[in-house]
Amino acid sequence: MGGRPGGRVANIGVHGRPTTLHFEDPWIRDVTITTGLVDTSTTPVLLRMLQDGKLDAGRIITHRSGSDQVPEAYDLFDDPVASGALEVAVLR
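Keep in mind that this is a model prediction, so the values were computed, not measured.

Turning to the overall build of the protein chain, a few remarks are in order. Helix and strand counts for the protein chain come out as 4 helices and 4 strands. Going from N to C terminus, the protein chain has its helices and strands arranged as β-α-β-α-β-α-α-β. Here the C-alpha atoms of the protein chain give a radius of gyration of 15 Å, more than 25% beyond the 12 Å that 2.2 N^0.38 yields for 92 residues. Taking all 92 residues of the protein chain together, 10% fall into the buried category. Expressed as a percentage of contacts within the protein chain between residues at least 6 apart in sequence, the contacts between residues at least 24 apart total 56%. Summed over its atoms, the accessible surface of the protein chain is roughly 7900 Å², and 55% of this surface lies on carbon and sulfur atoms. Positive and negative charge centroids in the protein chain, built from 9 and 12 side chains respectively, lie 11 Å apart.

Here you go:
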């Protein structure tokens, strides 16, 4: 973690397996961490942040599919270990 102290990190979504988070660095840098699932109340907020350029999803999108490839996109996301998918974007 670089930069100045403070800030927020939101961990949203579904994890396919257990993970370990070491709190030493975020704690000493006064970072607030929140967790939760993406739901119908947070999706519009996230989409607005993307549209306004406040969220850089390009760093986490590993696969892109056309709207005619939705079943294939779900297959990629269904087995992220085999596909290497972190986030799959479906573009129209």
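Still more ground to cover, so stick around.
Further remarks concern a negative patch on the surface. A grouping of D68, E72, D75, D78 and D79 is seen on the molecular surface, where their side chains present a negatively charged patch. Counting through the fold element by element, D68 comes out in the loop between β3 (61-66) and α3 (70-78).

Here we take up unusual backbone geometry. Of note, D30 is a non-glycine position whose phi angle comes to about 60°, a positive value. Tracing the chain through its elements places D30 in the loop between α1 (24-28) and β2 (32-36).

Attention shifts here to a nonpolar patch on the surface. A cluster of nonpolar residues, V9, L21, F23, W27, I28 and I33, forms a patch on the protein surface that exposes about 640 Å² of accessible area. Turning to its location among the elements, F23 is positioned in the loop between β1 (8-12) and α1.

Before going further, it helps to examine the confidence of the model for the protein chain. Summing up the model confidence of the protein chain, the mean pLDDT is 84 and the portion of residues at 70 or higher is 93%. When pLDDT is averaged over each element of the protein chain, β3 comes out on top at 91 and β1 at the bottom at 79.

We now examine the environment of D68. Owing to a relative accessible area of 66%, D68 belongs among the exposed residues under this scheme. Considered as a pair, D68 and V90 are 22 residues apart in the sequence and their alpha carbons are 8.9 Å apart.

The rules behind each value
- Residues numbered from 1 in each chain as written.
- Predicted model: local features only at pLDDT ≥ 70, side-chain atom pairs only at ≥ 80, totals over all residues.
- Heavy atoms only, no water.
- Helix = DSSP H or I, 4+ residues; strand = E, 2+ residues; numbered from the N terminus.
- Rg over C-alpha atoms; globule rule 2.2 N^0.38 Å.
- Buried < 20%, exposed > 50% of the residue type's maximum accessible area, 1.4 Å probe, protein only.
- Contact = heavy atoms within 4.5 Å.
- Areas by Shrake-Rupley, 256 points an atom, 1.4 Å probe, with all protein chains shown as cover.
- Lys, Arg positive; Asp, Glu negative; His and termini not counted.
- Charge placed at Lys NZ, Arg CZ, Asp CG, Glu CD.
- Patch = residues over 30% accessible without salt bridge, like charges linked within 9 Å, V, L, I, M, F, W, Y side chains within 5 Å.
- Salt bridge = Lys/Arg side-chain N within 4 Å of Asp/Glu carboxyl O.
- pLDDT = per-residue confidence, 0-100.

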